[in-house]
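Residue-level structure breakdown
Below, each chain spelled out in residue letters.
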Amino acid sequence: MRIAPILLLLILAPQALAGDTPNATDIIKAAMEVWRGESSDGEMTMTIHRPDWERSMTIHSRTKGLDKSFLIVKAPKKDAGNATLLLDDDMWSYSPRIKRVIKIPSSMMAQSWMGSDLSNRDITKDTGVIDEYDHTLMGTREENGHTIYQIRSIPHEDAPVVWGQEVYTIRDDFLMLQQEFWDQDNQLIKTIRTLEHKVISGRPVGTRMRVQDQNKPNEWTELTINSIEFEVEIDDNIFTVGQLRSAR
């Protein structure tokens, strides 16, 4: 049985305050739960910045549980209607330009989404890291009245990922501060950092996040949360390939 996000906060936060450090896997799971909620419905702006150009997209995002995500681009007009579905371990995309639904193989989950620095896995808030990786608490530090956890996550040999490891920096209220992606040669490739956050529906939410390729310092992608609601009623029919085909 999956524990609700707010209940996880009640269970794990007192442990941190009492000096009884929670398990690394529990910290990762709690952060993912707080990040997604039991369900969420929101709108965000994705800005892709390059040295000689910049463009933005408005995206409507809905999630349910840890394994259902549905995103559709609302603007600009030339991108509107592009949609992405994550259901359990499977992912599909729809392009109104070619009027086709395409299933994304696991080998392409690390590929760019809509030309951004976000991968297909990133944009759908995929939580496969919980079960597909082994998690180790590397250390803690105190910062602005909070305990900050640093966790190294090593993928299982059969995990459908390209990374050699991921490193998470998570605050004791389970706000995800930073995520690092390292390759098989132990080189840092990409970071996702929370630049701004606020408390929404009783949970800390990253409201502006930047994705940065370490080898391209003048290129980045930012996600800004314009609005979001948690624990909302969302029909399961939203998370179907049929709905993807009729996305508007």
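Notes on the structure follow. Bear in mind that the values here come from a model prediction, so they are computed numbers and not experimental data.

**Some details on the overall build of the chain**
On a plain count of helices and strands, the chain comes out with 5 helices and 13 strands. The C-alpha radius of gyration computed for the chain amounts to 18 Å, which stays within 12% of the reference 18 Å derived for 248 residues, consistent with globular compactness. Projected onto its principal axes, the C-alpha positions of the chain cover 55 × 40 × 35 Å. Buried positions account for 50% of the 248 residues belonging to the chain. Counting contacts in the chain only where the partners sit at least 6 residues apart, residues at least 24 apart contribute 47% of the total. Roughly 12,300 Å² of accessible area belongs to the chain as shown, and the carbon and sulfur atoms make up 47% of that amount. Once the 29 positive and 38 negative side-chain charges of the chain are each reduced to a mean point, those two points are 9 Å apart.

**Notes on unusual backbone geometry**
The omega angle of the peptide bond from alanine 75 to proline 76 is 5°, so this bond is cis rather than trans. Mapping proline 76 onto the fold places it in the loop between β3 (68-75) and β4 (83-87). In this structure, lysine 99 is a non-glycine residue whose phi angle is positive, near 55°. Structurally, the position occupied by lysine 99 is in the loop between β5 (90-95) and β6 (100-104). Take lysine 99: its relative accessible area is 67%, and that puts it in the exposed class. Backbone geometry places glutamate 231, a non-glycine residue, at a positive phi of 55°. Glutamate 231 gets classed as partly exposed once you look at its relative accessible area, which sits at 40%.

**Details of the pattern of salt bridges**
All told, the structure shown has 16 salt bridges when counted by the stated rule. For arginine 208, the salt bridge is made with glutamate 222, and the minimal N-O distance between the two is 3.0 Å. Of this pair, arginine 208 sits in strand β12 (residues 203-213) while glutamate 222 is found in strand β13 (residues 220-230), placing the two residues 14 residues apart along the sequence. Measuring nitrogen to oxygen at the nearest pair gives 2.7 Å for the salt bridge that ties glutamate 222 to arginine 210. With glutamate 222 in strand β13 and arginine 210 in strand β12, the pair connects residues that are 12 residues apart, well separated along the chain.

**Quick notes on the environment of arginine 208**
Accessibility expressed as a relative area gives 22% for arginine 208, which makes it partly exposed. When the C-alpha atoms of arginine 208 and glycine 81 are compared, they prove to be 24 Å apart, with 127 residues separating the residues in sequence. Sequence-distant contacts of arginine 208, defined by excluding residues within four places in its chain, comprise Arg193, Thr194, Leu195, Glu196, Glu222, Leu223 and Thr224. Here glutamate 196 takes part through its side chain, which lies 3.1 Å from a polar atom of the side chain of arginine 208.

**Describing the side chain of aspartate 213**
Mapped onto the fold, aspartate 213 is located in strand β12. The buried charged residue aspartate 213 lacks any salt bridge partner; its closest oppositely charged side chain belongs to lysine 216, at an N-O distance of 4.4 Å. At 2.8 Å, the side chain of aspartate 213 forms a polar contact with the backbone nitrogen of asparagine 215. Residues within four places of aspartate 213 in sequence aside, it is in contact with Ile189 and Glu219.

Cut-offs used in this document
- Residues numbered from 1 in each chain as written.
- Predicted model: local features only at pLDDT ≥ 70, side-chain atom pairs only at ≥ 80, totals over all residues.
- Heavy atoms only, no water.
- Helix = DSSP H or I, 4+ residues; strand = E, 2+ residues; numbered from the N terminus.
- Rg over C-alpha atoms; globule rule 2.2 N^0.38 Å.
- Buried < 20%, exposed > 50% of the residue type's maximum accessible area, 1.4 Å probe, protein only.
- Contact = heavy atoms within 4.5 Å.
- Areas by Shrake-Rupley, 256 points an atom, 1.4 Å probe, with all protein chains shown as cover.
- Lys, Arg positive; Asp, Glu negative; His and termini not counted.
- Charge placed at Lys NZ, Arg CZ, Asp CG, Glu CD.
- Salt bridge = Lys/Arg side-chain N within 4 Å of Asp/Glu carboxyl O.
- Polar contact = N/O pair within 3.5 Å; in protein donor to acceptor, adjacent residues only side chain to side chain.

The values are spatial; any link to function lies outside them.
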